[in-house]
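Here's the letter readout for the chains.
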Amino acid sequence: MNILEAAKINKSYGNKFNKQEVLKGLDISIEKGEFVSIMGASGSGKTTLLNVLSSIDTVSHGTIKIDGKEITRMREKQLAEFRKHHLGFIFQEYNLLDTLTVKENILLPLSINNVSKKAAEQKFTEVAAELGILEIKDKYPNEISGGQKQRTSAARAFIHEPSIIFADEPTGALDSKSASDLLNKLSQLNKKLNATIVMVTHDPVAASFSSRVIFIKDGQIYTQLNKGDQSRQAFFQDVMKTQGVLGGVNQYEH
């Protein structure tokens, strides 16, 4: 079953005299429970694609359906309500509130959805334990490491069991050990909760944790790779090869 269906997605900026077409008629479908990475050189349109799929930005033309609902037709108020219940976000910069503890940050989506205190406590304990951050629940963001901040951000994205979780370069600001820890946790939660994750990354190591990689070039889909039964190492090699052919991406860039 497809949780996300995007058809003929176009995104342009500017006016008719000076128009920049960033996305050029993309079609994408993502199944429930898939972990999909989107890759491409700088300027290929991958971040713009994530932004329109996740309702952060609007399309110029085309339709996007999430969970059978067409978000491209929704008004701002409907969209805000839809986001609250159906979408989770993990950003490169964590986006945690400094005045709230780790636990309070994670519980935010449940507090705005009026979930009972008992149910919220139970969900918090499950997700925080899964991400290995239960023991830091009373600390504030400025008292914890980057890796712990990003796992807090991930816990906040997962806690209300959204239809789909969008992750924008979630390992971009992390060292390799913290990045690897986070990706292992995302992969485990993806399998355990059948959670759907769509992640933009420039890092082939990060992409190798997903089940499918979509490569974008000049605003269009260039090719896709499916992991299938391959080991993560073998899939990583495939991703590297394709990225090499695509060019313009330095695997060491941050």
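As shown above, the structure is provided for reference.
This text gives an overview of the structure that appears in the document.

Rules of the game
- Residues numbered from 1 in each chain as written.
- Predicted model: local features only at pLDDT ≥ 70, side-chain atom pairs only at ≥ 80, totals over all residues.
- Heavy atoms only, no water.
- Helix = DSSP H or I, 4+ residues; strand = E, 2+ residues; numbered from the N terminus.
- Rg over C-alpha atoms; globule rule 2.2 N^0.38 Å.
- Buried < 20%, exposed > 50% of the residue type's maximum accessible area, 1.4 Å probe, protein only.
- Contact = heavy atoms within 4.5 Å.
- Lys, Arg positive; Asp, Glu negative; His and termini not counted.
- Charge placed at Lys NZ, Arg CZ, Asp CG, Glu CD.
- Polar contact = N/O pair within 3.5 Å; in protein donor to acceptor, adjacent residues only side chain to side chain.
- Arc of directions from axis to C-beta.
- Phe/Tyr/Trp six-rings, centres within 6.5 Å; stacked < 30°, edge-to-face > 60°.
- Lys NZ or Arg CZ within 6 Å of the ring centre and 35° of its normal.
- Pairing = 2+ DSSP bridges.
- Axes fitted to C-alpha atoms, helices over the stretch in contact; angles between N-to-C directions.
- Salt bridge = Lys/Arg side-chain N within 4 Å of Asp/Glu carboxyl O.

## A few points about the overall build of the chain
Item 1. Of the regular secondary structure elements, the chain holds 8 helices and 10 strands.
Item 2. By the compact-globule yardstick of 18 Å for 254 residues, the chain fits well, its C-alpha radius of gyration being 18 Å.
Item 3. Taking all 254 residues of the chain together, the buried fraction comes to 50%.
Item 4. When contacts within the chain are restricted to residue pairs at least 6 apart in sequence, those whose partners lie at least 24 apart make up 69%.
Item 5. Looking at charge distribution, the chain has the averaged site of its 32 positive side-chain charges lying 3 Å from that of its 29 negative ones.

## Section: the side chain of Glu34
Item 1. Turning to its location among the elements, Glu34 is positioned in the loop between strand E2 (18-31) and strand E3 (35-39).
Item 2. A relative accessible area of 16% means that Glu34 is categorised as buried.
Item 3. Here Glu31 takes part through its backbone nitrogen, which lies 2.9 Å from a polar atom of the side chain of Glu34.
Item 4. Not counting chain neighbours up to four residues away, the residues in contact with Glu34 comprise Ser29, Asn190, Ala195, Thr196, Ile197, Ser211 and Arg212.

## Examining helix H2 (residues 76-86)
Item 1. Those residues of H2 that fall on the buried side of the exposure criterion are Leu79, Phe82 and His86. Seen along its axis, H2 keeps its buried residues to an arc of 60 degrees; they face one direction. More than 90 degrees from the buried face of H2, the exposed residues found are Glu76 and Lys77.
Item 2. The inward-facing, buried residues of H2 abut strand E4 (61-66), strand E5 (69-70), strand E6 (87-90) and strand E7 (164-168).

## What to know about the packing of aromatic side chains
Item 1. Applying the stated criterion across every chain yields a total of 2 aromatic pairs.
Item 2. An angle of 5 degrees between the planes, with centres 5.7 Å apart, marks the rings of Phe89 and Phe91 as stacked.
Item 3. A residue is classified by how much of its surface remains accessible, and Phe89, at 17% relative accessible area, is buried.
Item 4. Taken together, the ring pairs connect Phe89, Phe91 and Phe166 into an aromatic cluster.
Item 5. The ring of Phe209 carries the charged tip of Arg232 above its face, separated from the ring centre by 4.0 Å.

## Here we look at the sheet that holds E4
Item 1. Ordered in space as E2-E1-E4-E5, the 4 strands form an open sheet in which the pairing is antiparallel. Of all the strands in the sheet, the pair left with one neighbour each is E2 and E5.
Item 2. Relative to E2, strand E1 (residues 2-15) runs antiparallel, the two being bridged by 11 bridges. Counterpart to Asn2 in the pairing with E2 is Glu31.

## Examining the sheet that holds strand E8 (residues 197-200)
Item 1. Pairing within the open sheet is mixed, and its 6 strands lie in the order E6-E7-E8-E3-E9-E10. Edge positions in the sheet fall to E6 and strand E10 (220-226), since each has one partner strand and no second. Pairs of neighbouring strands in the sheet enclose a mean axial angle of 20 degrees, with direction left out of account.
Item 2. Inspection of the sheet shows E3 paired to E8 by 4 bridges, in the parallel sense. Note that in E8 the partner of Val36 across the bridge is Val198.
Item 3. Each of E3, E7, E8 and strand E9 (212-217) is contacted by helix H1 (residues 46-53), which is oriented at about 150 degrees to E7, the strand it contacts most.

## Things to note about the pattern of salt bridges
Item 1. Summed over the entire model, instances satisfying the criterion amount to 11 salt bridges.
Item 2. In this structure, the salt-bridge partner of Asp181 is Lys177, at a minimum N-O distance of 2.8 Å. Placement of both Asp181 and Lys177 in helix H6 (residues 176-193) is noted, with a separation of 4 residues, approximately one turn of the helix.
Item 3. A relative accessible area of 57% places Lys177 in the exposed class.
Item 4. One connected set of salt bridges, linked through shared partners, spans Lys123, Glu126 and Glu161.

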